[in-house]
Amino acid sequence: MPEPNYAIELTPPDIEPYRSGNTGIDYVTTFDSGIAGPHVLVTALTHGNEICGAIALDRFFRAGLRPRQGKLTLAFDNAAAYGNFDPRVPTASRFVDEDFNRLWSPATLDGARQSTELARARELRAVVDAADFLLDIHSMQYATAPLMLAGTLERSVALARQVGIPELIMCDAGHAAGPRMRDYGGFGDPASSQTALLIESGQHWERRAADVGTDVMLRFLVVLGALREDDAEPLAGPDFHSRPNQRIIQVTEAVTITGERFEFVEDYRGLEVVPRKGTLIGRDDGREVRTPYDNCVLIMPSRRLAKGQTAVRLGRYAE
Ligand SMILES: [Zn+2]
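Residues numbered from 1 in each chain as written. Predicted model: local features only at pLDDT ≥ 70, side-chain atom pairs only at ≥ 80, totals over all residues. Heavy atoms only, no water.

Student: Honestly, helix 4 (residues 116-130) in this entry has me stumped. Any pointers?
Tutor: Side chains three or four residues apart in an α-helix point the same way, a direct result of the helix having 3.6 residues per turn. Over its 15 residues, helix 4 runs 22 Å from end to end, which matches the ideal 21 Å to within 8%, given 1.5 Å per residue. A maximum bend of about 40 degrees is found in helix 4 at Leu124. The complete set of buried residues in helix 4 reads Glu117, Leu118, Arg120, Ala121, Leu124, Arg125, Val127 and Val128. On its buried face, helix 4 is in contact with strand 1 (28-32), strand 2 (39-44), strand 3 (71-76) and helix 3 (106-110). (Helix = DSSP H or I, 4+ residues; strand = E, 2+ residues; numbered from the N terminus. Expected span 1.5 Å × (residues − 1). Bend = angle between axes of the 7 residues up to and from the residue. Buried < 20%, exposed > 50% of the residue type's maximum accessible area, 1.4 Å probe, protein only. Contact = heavy atoms within 4.5 Å.)

And the structure:
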C-alpha cells in the first residue's frame, strides 16, 4: 500500500516553559480555583507525535485561563517522545520504548518491568487517580472525521453528548495489547463516577486537528463548569459553536493481529461502510478476515501492522 503523504501543517509548540509546572511532576500543572467543584484533567501527547493536543494546551496556557470552580490539571504525558519529534520522520516519535497508552492496568503499573513510558505512567498515576474527569487529546494516522472515543460506559457517552462535538462518538473497549489511560481505574469502572473521554481530533499533521482538539477541550471545560462560554470564546475555533446531530458507532470487535504478516486487501482510511457481511477485508498470515455483518464500519485501520496490535476496529452505527 502506498504511504499517504500528509503535509505537516502544524508546528510543534515549545513545551519547555511548562516543564517545571507546579505539582512536583514535570509537565503537570494544576490550577485550583479555591471553589468547590470537580477536578478536571486534560492530557496531551499520550502519543508523542500527536501534536494537536500540545497546541491546545499551549493555547490554554498562553490565554491565561483559569478554572472558575474546582481544579484543573493540564499534563503533557509523553514529553520524552515529543522531544524526539522530527518533521522528516514525523511518526517516529509516537513513543520512546513502548506505547504509553497500553500500560494502564495496576498489574503493569505495579509490575517490575521498566521502560521510559512505564516510568512516566507511574509518575502520572496519582494525577490520573485524583481526577474526576479526564479528556485525553489524540490524533490519527489517516485524515478522517474526528472521533470521540467514549468507551463502553453510559456516563461517558452521556458526557460526550453534552460536549456535543464531534459528530461521531465511538463506543469501544480498547485494545488487546493493553488498557488505555482513559480506561484505567475508576474511569473504566461501572461503579465509579470518574468519567473519561478520548478525542481523536483528525490527522496528526492537519491544521484542523489542532482546532478540533482545542474546541473539544473548551467545550469539555464549559460543560464541567471549569470555564464559562465567554472565557473560552477567544480560543474558539470553527467547531466551538457547532451542534451536529451526533451519531454513535458501536464497536463490536477489534481485529487483533495474530500472525507475522497482516495486510488489508484495500487501502482503507477509516469510516468506510462495507455493505455485505462476509466481505474480505484483510489477511492475517493468510487467515482471511471478513466483515461479520452488513454495513460494517471500519474504524482507524492501522499502518502499524505488528503481531498483538489492533489492525482495525469493526463497528456499526447505532440508530
Ligand atoms: Zn494517539
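That covers the picture; the talk isn't over yet.
Student: Help me understand the coordination of the zinc ion, please; the structure alone is not making it clear to me.
Tutor: Note on metal sites: the ideal angle is 109.5 degrees for four tetrahedral donors, and 90 or 180 degrees for six octahedral donors. For the zinc ion, every protein donor is listed as His47 (ND1), Glu50 (OE), Glu50 (OE) and His138 (ND1), and the spread of their distances is 2.0 to 2.4 Å. Note that the zinc ion binds 4 donor atoms; their angles at the metal cover 57 to 146 degrees, and the shape is irregular. When the donor residues of the zinc ion are listed from N- to C-terminus, their spacing reads H-x2-E-x87-H. Pair noted here: Glu50 is in the loop between strand 2 and helix 1 (52-63) and His138 is in strand 4 (residues 133-140), with a separation of 88 residues, a long-range link. (Donors = N, O, S within 2.8 Å, 3.2 Å for Na, K, Ca; no water. Tetrahedral: all angles 85-135°; square planar, octahedral: opposite > 155°, others 65-115°.)

Student: Is there a simple way to think about the packing of helix 1 against helix 6 (residues 207-223) in this case?
Tutor: Two packed helices can be described by the angle between their axes and the distance between those axes. Contact pair helix 1 / helix 6: the axes reach a minimum separation of 8 Å and the direction vectors enclose 55 degrees. Between helix 1 and helix 6, the angle is such that the two are oblique. Along this stretch, helix 1 crosses helix 6, giving a crossing that reads as right-handed. On helix 6, the residues touching Cys52, Ile55, Ala56, Leu57, Arg59 and Phe60 of helix 1 are Ala209, Ala210, Asp211, Gly213, Thr214, Met217 and Leu221. Here the residues of the contact of helix 1 with helix 6 sort into 9 nonpolar, 2 polar and 2 charged. (Axes fitted to C-alpha atoms, helices over the stretch in contact; angles between N-to-C directions. Parallel < 35°, antiparallel > 145°, perpendicular 65-115°, else oblique. Left-handed = near helix turned anticlockwise from the far one by under 90°. Nonpolar A, V, L, I, M, F, W, Y, C, P; charged D, E, K, R; others polar.)

Student: Mind showing me how you'd approach the pattern of salt bridges here?
Tutor: Side-chain pairs of opposite charge can arise whenever the charged atoms involved come near each other. Summed over all chains, the structure comprises 24 salt bridges. The partner of Glu288 in a salt bridge is Arg290, with the nearest N and O atoms 2.9 Å apart. Here Glu288 falls in the partly exposed class, since its relative accessible area comes to 40%. Salt bridges sharing common partners tie together Asp172, Arg180, Arg182, Asp183 and Arg313. (Salt bridge = Lys/Arg side-chain N within 4 Å of Asp/Glu carboxyl O.)

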